[in-house]
Every structure is written in C-alpha cells, then in structure tokens.
Amino acid sequence: MSEQPMQTKTDSPPVQTVRVFKRFSLGQRWEHVLLMLSFTVLLLTGLPQRYRDTGWSQQILATPDMVYLVQTIHRIAAVVLILEVIYHLGAGIYQMARRKLSADIFITWQDVRDAGQMVAYLLFLRKDKPTFGKYNFEQKITYWFIFVGIGIMVVTGLILWFPETITWVLPGSVVPASKVAHSTEAIVAAIFIVLWHFFHVHLERLNLSIFTGKMNEEDMKTYHAREYDRLTGEKAGQDGGKQP
Amino acid sequence: MSRAFLVLALLCTGLLAILLVHSVIPSTATPLAQEATPIPNLSISDEYCSSCHGVPGQTFPLEDGTLLDLYVDPLEHASSIHGSQGYACVQCHADVGEYPHPPFSATDRRDVTLQLNVVCQRCHATQYELAMDSVHATALANGNRAAAVCSDCHTAHAVQDWVDEDTGEALPEARLVIPQTCAQCHNDIYQTYLTSVHGSALAEGNPDVPTCIDCHGVHNIEDPTTTTFRLSSPQLCAECHTDPAVMSKYGISTEVLNTYVADFHGTTVTLFQHQNPEAETNKPVCYDCHGVHDIKRADDPEKGLQVKENLLTTCQKCHPDAQENFPTSWLSHYIPSPENYPLVYYVNLFYKIFIPTVLGGMGLLVVMDVSRAMINKSRRRKPAPQPEEQAAMAPVEEPVLAPLEAEELVEAEAAEPAEEIVSIDDQVAQTSPTPATDAQEPEVDRDLSGEDNDEPASSQTTPEDDQPGEEVNNG
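Predicted, not measured: the structure shown is a model, and the values here were computed from it.

Scoring rules and cut-offs
- Residues numbered from 1 in each chain as written.
- Chains lettered and ligands numbered in written order.
- Predicted model: local features only at pLDDT ≥ 70, side-chain atom pairs only at ≥ 80, totals over all residues.
- Helix = DSSP H or I, 4+ residues; strand = E, 2+ residues; numbered from the N terminus.
- Buried ≥ 20, exposed ≤ 12 C-beta atoms within 10 Å, placed from the backbone.
- Contact = placed C-beta atoms within 7 Å.
- Rg over C-alpha atoms; globule rule 2.2 N^0.38 Å.
- Axes fitted to C-alpha atoms, helices over the stretch in contact; angles between N-to-C directions.
- Nonpolar A, V, L, I, M, F, W, Y, C, P; charged D, E, K, R; others polar.
- Pairing = 2+ DSSP bridges.
- Core = buried A, V, L, I, M, F, W, Y, C linked by C-beta atoms within 7 Å.
- Expected span 1.5 Å × (residues − 1).
- Bend = angle between axes of the 7 residues up to and from the residue.
- pLDDT = per-residue confidence, 0-100.
- Parallel < 35°, antiparallel > 145°, perpendicular 65-115°, else oblique.
- Left-handed = near helix turned anticlockwise from the far one by under 90°.

Draft legend 1. Quick look at the overall build of chain B. What chain B contains, in helices and strands, is 25 helices and three strands. Residue burial in chain B is summarised as follows: out of 475 residues, 17% are buried. Counting only contacts in chain B whose residues sit at least 6 apart along the sequence, the fraction spanning at least 24 positions is 50%.

Structure (structure tokens):
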C-alpha cells in the first residue's frame, strides 16, 4: 500500500512521487546487449557471404585470407550467440521452475484477443487501444519471432559448419536446404528487427527499459495498464497515483 | 651589301635544313625487319635448289659429329601449303644465296631447327609473337631445348593448311590431326585423352568435341598449372557446355555453369577469378571432380559421377570424413524442384510465401499504427483545450496527460525538491495475484530479496530502489 501515506503527507508541501517499476533483471539486460552485439556482428559478416555476386561483397571477400577472416569472425560471434541461447534457456527454465520468473512471455488467448482489438482500433472500429499486461502482443511477437529465428539460424548454421558430420545421420539435402534457410532467415530477421522492433522501441515511443531495467509510472499506465493494475491494485485508467 | 649576305645566309641554312631532313628520313624509314631477315633473292629458282637438295644423300657435318640430311623431297614441298601457293625455297632460306653458301655451323640437329625457326616470323609475325608468349617459349628460354617451336608442330617442308579461310576455325580434318601432333611430345596425356568421352568421340570423327587446342589455346598456349588458369577453367568448359546448339544433341544440361556458380564451390572460385586470380583456393573447379584428360560420361560405371559410389570417392578427396549421405549435399548441377531436391525447393518456396505475407503484414500494421497515431494527433489539436478542460479530460485521454504532468512535475520540483521514487519490483508479482492493499508493502520487500543476482547492481546504480516504502520523505 504505497498510496495512503503519500496523500496524507502532501497536505502542506507538494511532493511529486515518481514510481519506477522494475521490468528487466540485470541478467536479462546483459543478455539483450550480448544478443544485440552478436546479432550485429553475425549480420555484418554474414551479408557479404550471402551476396557474393555483388561488387561490395567482392571487395570485402577478395582474397582467401579475407574469406577465412570473415568466416572466423562469423563463427566466433555464432558461438557467443549459442552460449547466450543456452544460458537464456537454462536460466529461464530454472527461474520459472523456482517461481522467480513470471511466465508472462508465453503467448495466450488474451494476446490473440488483444491483437484483434488492436487491429480493430487501427481500422477505426474501436475508440481506444486495448490494454496490455507486462508484455503486449507486439513484444511477444518480437520475442518469439527472434526466438524461432535464432533457432533456425543456429541449427542451419551448425549444419553448414559441419556438413560431413551432420550427414552421418541426416540426408545430404539438409545441407543445401540449410543454406537456403540460413541465408533467407537472416534477411527475414534483419528486416524484422528494423521494421518491427525498431519501430516499436524507437519510433512509436522511446522504450529503453531493456537497458535501464526500469519503466516509469506513466509508461506503465499507458502501455501496460493491466500489469500496472496487477502490481499496484489501482486502476491505471483512473489516474490513481497522480494528484491533479 | 648586308642584304646580299642575309639572303645568302638564309639560302645556306635552308639548303642545310633540307639536306639534314633528307638524310634523316631515309634512315628512320628503313624497315627493321628487312635488316633482321635478308631480302630473298627471288632470281634463285626452286629448280636451282633441288638440283642439289632434291637428290638424296647430301649431308652436312654438325659440331657434335652427326650428319644433317640436306635432302628435301620436291614433292613434299610442292604439296605443302607453301609449295602449292608458289612460295620459293629462298623465301624462307633467304640468307643462303647461291652455291657456295655462306658458312653455317650448328652444334647439333636441334640447334639447326632452333636457328632456322626464326624465319617463320617474316610472314607469320602474329602467330610467332603469340608463340613467344606460350609455355613452350618460356620452357625454351629456361633451357629446355626440346620445347616445341613452329616446325615441331607444323613441320618444315610439309606445312599443311589447318585453318578455314572463311571462319578462321580449324578445319575438320585438322581437328583429328591436332591431338596426334601434340602427342609427339605429350603422348601419355594423348593416350589418356583417347579414353575420355571427348577423345574417344574425336577418334570416331565427331567434330563437336574439344581437341587439345580448344582448352589450351593454339600459339600462346598457357601454363595450365597456374592458379589463374585453374580459376578461369570453368569458363573454358562453359564455352561448349552452355551452348544449347551443341549440348542439345547429347541431352546435356546447359545449366551446369550456373548451378556450379550458385553452389558453395563455384561461388568462391568465381569470386577469386574476378577479384584475385592468383588466389590459391581448395575449392574444386570442373576438372577436379570430372577429371582433366580422362573426363568420362556422367553415367560411366567406373568414373561417372552419376554413380553414387564414384561421387562419394570424389567427395572424399577433399572431404575425408564424408560418409554415404554426404554427396547429396551437393546439388549435382540440379535446380531444386519437387522432383530433385524437394526439401531445398520447399524451403525456398516457404520463404517466398512467408516473407511477403508475414513481413508484409507486419509492415502494414506498422503503417496503420503510424497513420492512426497521426490522425489522433491532428484531431486532438483542433479543440485547443483550456487548462481546466485538460485536467478534466486527463483521465480519459491518456496522451494529453503528458504535458500536464510535465508541468506539474516542474512546479513540484521548484516548490519542493523532495522527490520520491518508489520502485515496484514485479518479478514475483504473480505470487500475489490479488492486489491486497495491506499486503503491498511486504510484497515489495520479498520481491527485492528474491532477486539475488540483480539486487546489488540495481542498488549501486539507483540508490532510490532501495527505499521500499514512503518513510524517507524529506517533506
């Protein structure tokens, strides 16, 4: 109960209370930094290999030494990303099992309803945006799109890295299929990040909570009203924490 | 007086200048070629030469003791391209003149050939120049006296016409002779070539197949062991193998180059071919898999790469760990289709559908999002609300709150610096789904203690986080 004392005390001097909501743990913030860096390096070293018939790529990959260097950097970044994925899954499962991490990230029917209402709002069939929980359906799409994408990239990347070993078990055609999937999924992921993720965290509103770990009260009320209600027991729409 | 002198002086200098110019022009105009090879004395007839050289048994002693046979069969010369077109002996042997000939000496039989070989350039300068760039000329310059010169391939007195005047291409009968000509020195390769799909077809008189010169060139024969040759070799094969007119006769795909370039090996080879022809690469070119001079049909039971075991053996040359499944990781020049490599085909198809629908759909949502936000903004501007109205509107229309709150915040800070930041940790919030008001305070405490990893860091960076409740109120 954080509300009552403040209201009693603000009788004589006006006090502005800014409440900050913790959104991401330090581990999660570092994971995001690691993901960003490895993704960027992988993209920068992957694109020249993908577009070898273009002039700029041929400038970079002009000698066998350069091809080797670019491939080596790509594989080091890939190992970093794989380790990060292993940590992410391990820590996530462990923390959820011990009830230290909420299962908010999983997609529920509520997200489908939210998405439907959002589309209705965008088509002017609804007056207001739907309210969201800790992660709105757009953020869940971001997470799971990248989650599946990284899964595809890791599996196909390892197949391309160790084709001889993989074909001890799998049919040979998985190798050229992986080449198609790896190079195309990379482009899909890159377009997705720019189109969807950058739009929602930079253009729609500047949301740096993945770096700071925190979100202020207004943003919580505006964009994650259901989560705000659940945490505070107030109704976000009634402007609970504010004094007029 | 002085005028006459001036005129005289001018005349003298003018004359001198004319003399000078005349003396310079003829000396520079003298063709150097004529100095290198003497002008043939055409008054010496072939009959005159053959009165001695047309009689068998004439010899000339060389320095190593061997005897040089000086007999030239008059019929052989007459049936050669030179003889049949009326070229005289002295047009090549220009420096010998009438008998007695000027002194001549050579260490051995090969020395004679090498000495006489230079005369070809008098008429065939282009070919001679090209030959000087060849691997043969390089070998000769490096001391290999056996390296081929003009007459080793063309003969000295029985030179035949091998080129079609109109097309510039080798005549069909010449194509049959060419490998035999090369075989004079390169017999091992010739024997291998005869067993190949190309060589055996040539022996049957097939004019479509390549002879030696189609891959190696004619006069400027390139060193085939260089990286440059290796990297550009796929283009050599492609000259015939991408020609539908030739390939359709044999039911061979003309996509072999495209599919090679599109796959792992060819991509790298083509890249280096353009960017860095000196690059050493372990990526295979056509002949690394199909063979060089022993190229076999694709369905040949011994070597053909359509036979799975043969292909695996070929792969294992570079991929020693490769097992039974490995060869199909190479698309075998196929373009993926539902029949060939369906997995690759359907993965590709999936993305062709996935990208426009899903990413396109997301793009559409973003565009709608932006446009709705802009429309909202423009609508809200119109009423130009009064401050009282703003306050009234605030709870309903969220975004309008922003300026108001900011104002209020500034006022509050000006009046009273005390600002309180309450951190609400939501990590374990699911354990308390009911927002029980009196349970709120201990809830926060427990949440913070639950986070072992993050608590020290957040307490370092933001000390406010440590204040769980409202006690620290400076006001």
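Draft legend 2. Up close: the overall build of chain A. Per the secondary structure count, chain A includes 11 helices and two strands. Start at the N end of chain A and walk to the C end: the helices and strands fall as α-β-α-α-α-α-α-α-α-α-β-α-α. A compact globule built from 244 residues should have a C-alpha radius of gyration of about 18 Å, whereas chain A, at 23 Å, is more than 25% larger. In terms of its C-alpha atoms, chain A occupies a principal-axis envelope of roughly 75 × 40 × 35 Å. A total of 244 residues make up chain A; the buried ones form 30% of that total. Of the contacts made within chain A by residues no fewer than 6 positions apart, 64% connect residues no fewer than 24 positions apart.

Draft legend 3. Representation of the packing of helix 11 (residues 172-183) of chain B against helix 12 (residues 187-195) of chain B. Residue and element names in this part refer to chain B. Packing of helix 11 against helix 12 brings their axes to within 7 Å, and their N-to-C directions diverge by 145°. Packed against helix 11, whose contacting residues are P179, C182 and A183, the element helix 12 presents N187, Y190 and Y193 at the interface. Grouping the constituent residues of the contact of helix 11 with helix 12 by class yields five nonpolar, one polar and no charged.

Draft legend 4. Geometry of the pairing of strand 1 (residues 16-22) of chain A. All names here are of chain A. Among the seven residues that make up strand 1, six are buried, leaving the element largely enclosed by the rest of the structure. Strand direction decides the pairing type here: strand 1 and strand 2 (residues 214-216), joined by three bridges, are antiparallel. Residue pairing across strands places F21 opposite M215, the latter belonging to strand 2.

Draft legend 5. Focus on the nonpolar core. In terms of nonpolar packing, the biggest core is built from 12 residues, these being I159(A), I166(A), V174(A), V175(A), A177(A), V180(A), A181(A), W330(B), L331(B), Y341(B), V344(B) and V347(B). Those elements giving two or more residues to this core turn out to be helix 8 (174-203) of chain A together with helix 21 (342-381) of chain B. Per-element accounting of this core gives the leading share, five residues, to helix 8 of chain A. Apart from the residues lying within four places of it in its own chain, the contact partners of V175(A) are I159(A), L160(A), P163(A), T167(A) and S329(B). Membership of the second largest hydrophobic core comes to 11 residues, among which are A78(A), L81(A), A189(A) and W196(A).

Draft legend 6. Main features of helix 21 of chain B. Helix length check: helix 21 of chain B, at 40 residues, gives a terminal C-alpha distance of 58 Å against a target of 58 Å (1.5 Å per residue), a fit within 8%. Residue F354(B) marks the point of greatest curvature in helix 21 of chain B, where the axis turns by about 35°; the proline P356(B) follows within four residues.

Draft legend 7. View of the confidence of the model for chain A. All names here are of chain A. Mean pLDDT over chain A stands at 86; residues scoring 70 or higher make up 91%. The low-confidence segment residues 1-10, where pLDDT is below 50, has 15 contacts with residues more than four positions distant or belonging to other chains. Contacts of residues 238-244 to residues separated by more than four positions or lying in other chains number 13 contacts, the stretch itself having pLDDT below 50.

Draft legend 8. The environment of Q95(A), seen in detail. Residues and elements named next belong to chain A. The residue Q95 is located in helix 4 (residues 64-97) in this model. Q95 gets classed as partly exposed once you count the C-beta atoms within 10 Å, which come to 17. For the pair Q95 and V174, spaced 79 residues apart in the sequence, the C-alpha separation amounts to 35 Å.

Draft legend 9. Local environment of the packing of helix 2 (residues 26-50) of chain A against helix 4 of chain A. Residues and elements named next belong to chain A. Look at helix 2 against helix 4: their axes get within 9 Å of each other, and the N-to-C directions meet at 150°. In terms of their interaxial angle, helix 2 and helix 4 are classed as roughly antiparallel. Classified by chirality, the crossing of helix 4 by helix 2 is left-handed. Residues G27, E31, L34, L35, S38, V41, L42, T45, G46, P48 and Q49 of helix 2 touch helix 4, and the partners they reach there are V70, I73, H74, A77, A78, V80, L81, E84, H88 and A91. For the contact of helix 2 with helix 4, a count of residues per class yields 12 nonpolar, seven polar and two charged.

Draft legend 10. Summary view of unusual backbone geometry. Cis rather than trans, the peptide bond between Y99(B) and P100(B) has omega equal to 0°. Mapped onto the elements, P100(B) comes out in the loop between helix 6 (89-92) and helix 7 (109-117). Despite not being glycine, R99(A) shows a phi value in the positive range, around 60°. Here R99(A) shows up in the loop between helix 4 and helix 5 (109-122). Located in the positive-phi region is Y341(B), a residue other than glycine, with phi close to 55°. Mapping Y341(B) onto the fold places it in the loop between helix 20 (308-318) and helix 21.

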